[in-house]
Amino acid sequence: MDFKNIDCLKGAKFFISEADIIAGKESFWINKDKIPFEKARDLIEFNREQEIDAAERLERFSLYIAKAFPETEIDGGIIESPLIDASLIQSEIERALGYQSVGRLMLKLDSELPISGSIKARGGIYEVLKYAEHLAMENDLLTHEDNYEKFASKELQAFFSDYSIVVGSTGNLGMSIGIMGASLGFKVTVHMSADARQWKKDLLRTKGVAVVEHVADYGHAVIEGREQAAQDPKCYFVDDEDSADLFLGYAVAARRLKKQLDAQGVQVDSEHPLFVYLPCGVGGGPGGVTFGLKLFFGDAVHCIFVEPTHAPAVLLGIATGLDEHVSAQDFGLDGLTAADGLAVSRPSGLVCRTMRPLIDGVVTVDDLRLYQYLAMAWDTQKVKLEPSAAAGFYGYCRATQKSEYLEDHNLSNKMNNSTHIVWATGGRMVPDKDWLCYYENGRSL
Ligand SMILES: *Cc1c(COP(=O)(O)O)cnc(C)c1O
């Protein structure tokens, strides 16, 4: 094996299919360090009270959100996405790709989330709201009892215009932070990595957000953003690689998913396992959602992350035991992928540490498949996805086909009662012209 950075790998705990990962091959890594949730709960840095606090904060802000973003009015200012049946896509996956249908397939359409059209509308927006609330309270401009419509007032907007928010992003996080931050009156600067799409930069500029374009990758965009913020006490840096607030904003998804499952009569318990497939970049989105899901469903939920074969950042961080001290490049991988939301070479250490006893496994996927699934989702159910958001389908394909995982967990005979949720993390805001290009690519395969 040809490790580029041997020093950093000294002391690393090696694992089953490292050779496959180094070669950039698709694989299903099973986390042997996972322990029952009852025990894991005591080891991790997050707890139920924090999740409740985050959910209540989003409730308080719903009055403001409904006012500032009329598209959320019908849901009372709660930013949420539909959970739909995906049996047509499931049949098409069986017919066209040969993966036998197992259990019931559903889609969680974060691609349709209001305001910024991706899973980042959960964590990113939450962190901006929490910062705004903190500033307003610290300066005696707000109490918990106030009507949060106040955040739309000239007084608060003028107050926030003295403060700035900075973030480094591959695109979608910048969109969420930029749109919400600008709406509250903050000065926002987004450091975009080289792979960020032009339309995302253009859209942010129309909202008055400063976009700094970098020729380097996501990790560099984050470093630049962090440096800019460190020089100014009135400047807040949203640190995608190390943010408890982002994580908790994502976690709130689980209590709402539980309501949707209940409403649709979907049973989840040890005899009716729930599998959730989560596209993963730096890890905050899938990590936060996983933490929330384990709080609500315990060991009955199986959470599997999906990463590009060229950028399996979280897989490497967790499996080697090196957390944020390892990157795709250390394994001779280039970190390049068409899935721009997943184009991350170095994982969040916070997420790796938190996920080590919780996560069930990681599947890595080749880019070409993403286009294929994207085209199928449109052809069968008119669901519009971006490439990153289609990664979960391959998680379903790998985990359900006679896998060692099912045998290890005594699940083989329960699969008729299983439910599989592919977390469709983004897509609505992709301009038709760009999206058509993805779609045609998928059709041609
Ligand atoms: C950011 C993103 C992800 C992954 O979230 P991380 O917090 O980076 O792991 C998945 N899909 C899409 C569309 C994203 O924008």
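Residues numbered from 1 in each chain as written. Predicted model: local features only at pLDDT ≥ 70, side-chain atom pairs only at ≥ 80, totals over all residues. Heavy atoms only, no water.

As recorded in an unreviewed UniProt entry, the chain goes by Probable D-serine dehydratase and comes from Marinobacterium iners DSM 11526. UniProt annotates the chain under Cofactor (unreviewed entry) with the comment "pyridoxal 5'-phosphate". According to the UniProt record, the Catalytic activity (unreviewed entry) comment for the chain is "D-serine = pyruvate + NH4(+)". (UniProt positions renumbered as here; feature names shortened; annotations may be inferred.)

Let's shift gears to the nonpolar core. In this structure, Phe151, Phe160, Met180, Leu184, Phe186, Leu261 and Phe393 are the most contacted members of the largest nonpolar core, which totals 146 residues. Among the elements that take part in this core, helix 6 (residues 120-138) stands out by supplying 9 residues, more than any other. Residue-level mapping places this core at the junction of two domains, with at least three residues from each of domain 1 (3-46 + 70-116 + 250-444) and domain 2 (119-246). Residues within four places of Phe151 in sequence aside, it is in contact with Phe61, Tyr64, Ala132, Glu133, Ala136, Leu142, Leu156, Gln157, Phe160 and Leu184. (Core = buried A, V, L, I, M, F, W, Y, C linked by side-chain atoms within 4.5 Å. Buried < 20%, exposed > 50% of the residue type's maximum accessible area, 1.4 Å probe, protein only. Helix = DSSP H or I, 4+ residues; strand = E, 2+ residues; numbered from the N terminus. Domains from an automatic or database assignment. Contact = heavy atoms within 4.5 Å.)

Along its sequence, the chain is organised into domain 1 (3-46 + 70-116 + 250-444) and domain 2 (119-246). Each side of the interface is counted separately: domain 1 has 33 residues, and domain 2 has 25 residues. On the domain 1 side of the contact with domain 2, Ser116, Tyr250 and Asp340 bury the most area, a combined 29% of that side's loss. Between Glu386 and Lys200 there is a salt bridge, with its nearest N and O atoms 3.8 Å apart. Counting across the domain 1 and domain 2 interface gives 11 residue pairs in polar contact (both at pLDDT 80 or more). Secondary structure elements with two or more residues in the side of domain 1 that touches domain 2: helix 12 (253-263), helix 13 (284-297), helix 15 (349-355) and helix 19 (432-443). Split by residue class, the side of domain 1 that touches domain 2 holds 18 nonpolar, 8 polar and 7 charged. (Buried area = accessible area lost by both parts, 1.4 Å probe. Salt bridge = Lys/Arg side-chain N within 4 Å of Asp/Glu carboxyl O. Polar contact = N/O pair within 3.5 Å; in protein donor to acceptor, adjacent residues only side chain to side chain. Nonpolar A, V, L, I, M, F, W, Y, C, P; charged D, E, K, R; others polar.)

This part covers the sheet that holds strand 9 (residues 301-308). Pairing within the open sheet is mixed, and its 7 strands lie in the order 1-10-9-8-11-3-2. The outermost strands of the open sheet, each flanked by one partner alone, are strand 1 (28-30) and strand 2 (83-85). Taking the axes of each pair of neighbouring strands and ignoring which way they run, one obtains an average angle of 25° across the sheet. Relative to strand 10 (residues 361-365), strand 1 runs antiparallel, the two sharing 3 bridges. The residue bridging Ile30 from the neighbouring strand is Gly361, located in strand 10. Packing of helix 12 onto the sheet brings it into contact with strand 2, strand 3 (104-109), strand 8 (274-279) and strand 11 (419-424), and relative to strand 11 it is tilted by some 130°. (Pairing = 2+ DSSP bridges. Axes fitted to C-alpha atoms, helices over the stretch in contact; angles between N-to-C directions.)

Here we take up empty space enclosed by the protein. The rolling of a water-molecule-sized probe over the atoms marks out the regions of remaining empty space. A full pass over the atoms with the stated rule returns 3 cavities of 30 Å³ or more. If you add up the space inside the largest cavity, you get close to 250 Å³. Surrounding the largest cavity, 25 residues form its lining, Ile119, Lys120, Gly281, Gly341 and Leu342 being those nearest its centre. Those elements that place two or more of their residues in the lining of the largest cavity are helix 8 (172-184) and helix 13. Of the residues forming the lining of the largest cavity, the biggest block, 3 residues, is contributed by helix 13. Per-class residue counts for the lining of the largest cavity are 9 nonpolar, 13 polar and 3 charged. (1 Å grid on protein atoms, 1.4 Å probe; cavity = no way out; pocket = protein on both sides within 12 Å on 5 of 7 lines; lining within 4 Å. Points joined across faces, edges and corners; volume = space filled by probe spheres on them.)

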